Amino acid sequence: MISRLCMIGVGLIGGSLCRALKAAGAVGSIVGCGRDPMQLERAVELGVIDSFETDIAKAVSDADVIVVAVPVGAMPAVFAAIKGHLKPGAVLTDVGSAKGSVVLAAREVFGGDESYFVPGHPIAGTEKNGVEASFAELFNEQRVILTPLEVTDPAATQVIHKMWQAAGAEVISLSVEHHDEVLAATSHLPHVIAYALVDTLARMHERREMFQFAAGGFRDFTRIASSDPQMWHDICLANKDALLDMIRRFSMDLADLAKAIEDEDSATIKATFNRAKQARDQYC
Ligand code: NAP
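Every chain is numbered on its own, with residues counted from 1 as its sequence reads. Residues qualify for local features only when their pLDDT is at least 70, as the model is predicted, and side-chain atom pairs are given and counted only at 80 or more; totals for whole chains, interfaces and linings, by contrast, use all residues. Side-chain metrics rest on all non-hydrogen atoms present in the structure, leaving aside hydrogens and water.

A. The sheet that holds strand β9 (residues 170–173), seen in detail. Between any two strands, pairing holds if DSSP finds at least two bridges. A run of H or I in DSSP counts as a helix once it spans at least four residues, and a run of E counts as a strand once it spans at least two, with each numbered from the N terminus. Taking strand neighbours across the sheet as the criterion, the 3 strands line up as β7-β8-β9 in an open arrangement whose pairing is mixed. What marks the edges here is a single partner per strand, and that holds for β7 (120–122) and β9. Sheet twist, expressed as the mean angle between neighbouring strand axes with direction ignored, is 20°. Sheet analysis places strand β8 (residues 143–146) next to β9, joined by 4 bridges and oriented parallel. The residue of β9 that forms the bridge with Leu-146 is Ser-173. Lines fitted to the C-alpha atoms define the axes, with helices restricted to the stretch that makes contact. Angles between their N-to-C directions range from 0 to 180 degrees.

Following this line, the structure appears as structure tokens:
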């Protein structure tokens, strides 16, 4: 049970975590924090948070757990505004989709002594954003990755582990580097490909006709291109190195497939599609 939780960024992820913790009876009260008072008022109306503050220092001052759920590019400024205002014993965590840049920002702002900081990332989401899109079941049976640092107090990690379990999630731990490599491959690259594909079609001359003929497969494949551009801009830059490695690797494989199609090399085409189908059927 968390007596008082402060949610900085009451959007899809932050709002859903608030809803899940309230539904589980795992939190006493929640103060929300963000830049737009109208959105925060709406979050109170929806019962997602109990009260709100637009001043980060005030919002965090009496909280036991502080969750930062803003776009990763906004985290350094949020950490700077938090610094010096946490009460003793408070635990700080985040939900950012890339971890290396967030950990670096925390180290720079807090000075390498952040034993109370537990970096985290729920592997759950939708292409929608904002508090209206939030729902309590988002994390049910989904994974949350924690990437505790060498300096992180195990008791702080335990608090955040229990918080996510109460929200319905399965919690696992990875190193920061491993997290960023894995997520570059499984989440960040697919988003880049979906955005690039839809943009290519959108810029083609006959685009109206093109999208009229887009059927289920195209919609399934490109759903994530409706995700928030600012959020994904931030993630691409935050996980630049690992993402560029994956883009290069994928570009080479795509070029090989293009060559096989050009050469009518049926063996290579079928081998590629068979490997992909087997992997998709087995793991997804
Ligand atoms: P969202 O629905 O757009 O919510 C973001 C929240 O952050 C909003 O409430 C917004 O409120 C606040 N915010 C935006 N810019 C800010 C800034 N510059 N300074 C302070 N607050 C700011 O986005 P989300 O999908 O919940 O994503 C939040 C975090 O979760 C991101 O770090 C993302 O990487 C991570 N994440 C997302 C997903 C996903 O699938 N969406 C999955 C896992 C993790 P105001 O505009 O009122 O400030």
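From this point, the discussion proceeds with the structure in view.
B. Representation of the domain arrangement of the chain. Partitioning the chain into domains gives domain 1 (2–173) and domain 2 (178–283). A domain assignment, automatic or from a database, supplies the domain bounds used here. Distance between the C-alpha centres of domain 1 and domain 2: 30 Å. Regarding the contact of domain 1 and domain 2, the summed buried area is about 1,100 Å², with carbon and sulfur atoms giving 65% of it. Any Lys or Arg side-chain nitrogen found within 4 Å of a carboxyl oxygen on Asp or Glu counts as a salt bridge. Joining domain 1 to domain 2, the criterion identifies 1 salt bridge. With a closest N to O distance of 2.7 Å, Glu-127 and Arg-223 form a salt bridge. Polar contacts, as counted here, are pairs of nitrogen or oxygen atoms within 3.5 Å of one another; within protein the pair requires one atom able to donate a hydrogen and one able to accept it, and residues that are adjacent in sequence qualify only if both atoms are side-chain atoms. Applying the counting rule to domain 1 against domain 2 returns 6 residue pairs in polar contact (both at pLDDT 80 or more). In the scheme used here, Gly and all other residues not listed as nonpolar or charged are polar, with Ala, Val, Leu, Ile, Met, Phe, Trp, Tyr, Cys and Pro taken as nonpolar and Asp, Glu, Lys and Arg as charged. Residues of the side of domain 1 that touches domain 2, tallied by class, amount to 6 nonpolar, 8 polar and 2 charged. Buried area: the sum, over both parts, of the accessible surface (1.4 Å probe) that disappears when the two are put together.

C. Quick peek at the packing of aromatic side chains. A pair of Phe, Tyr and Trp rings is counted when the ring centres sit within 6.5 Å of each other, with Trp represented by its six-membered ring. The angle between the planes then sorts it: under 30 degrees is stacked, over 60 is edge-to-face, the rest tilted. Tallying each qualifying case throughout the model produces 5 aromatic pairs. Centre to centre, the rings of Phe-110 and Tyr-116 are 5.9 Å apart; their planes meet at 80°, and the pair counts as edge-to-face. By the ring-pair criterion, three or more aromatic residues cluster together here, those being Phe-79, Phe-110, Tyr-116 and Phe-117.

D. Layout of the pairing of β8. Pairing geometry for β7 and β8, over 3 bridges, is antiparallel. By the bridge assignment, His-121 is partnered in β8 with Ile-145. For the handedness criterion, the β-α-β arrangement of β8, helix α6 (residues 154–166) and β9 is classed as right-handed. The crossover handedness rule: strands pointing away from the viewer, path from first strand over the helix to second strand clockwise, crossover right-handed.

E. Molecular detail of the state of the cysteines. We call a pair of cysteine sulfur atoms a disulfide whenever their separation is within 2.5 Å. One pass over the structure, following the stated rule, counts 0 disulfides. Summary of cysteine pairing: Cys-18 is not part of a disulfide, and the nearest cysteine sulfur, belonging to Cys-6, is at 9.2 Å.

F. Local environment of the sheet that holds strand β3 (residues 51–53). Judged by pairing direction, the sheet is parallel, and its 6 strands sit side by side in the order β3-β2-β1-β4-β5-β6 without closing on themselves. The open sheet has two edge strands, β3 and β6 (117–118), and neither has a second partner. Pairing of strand β5 (residues 91–94) with β6, which is carried by 2 bridges, proceeds in the parallel orientation. Looking across to β6, one finds that Leu-92 is bridged to Phe-117. The sheet contacts of α6 involve β1 (2–8), β4 (65–68), β5 and β6, and relative to β5 the element is tilted by about 55°. In this analysis, two residues are considered to be in contact whenever any of their non-hydrogen atoms come within 4.5 Å of each other.

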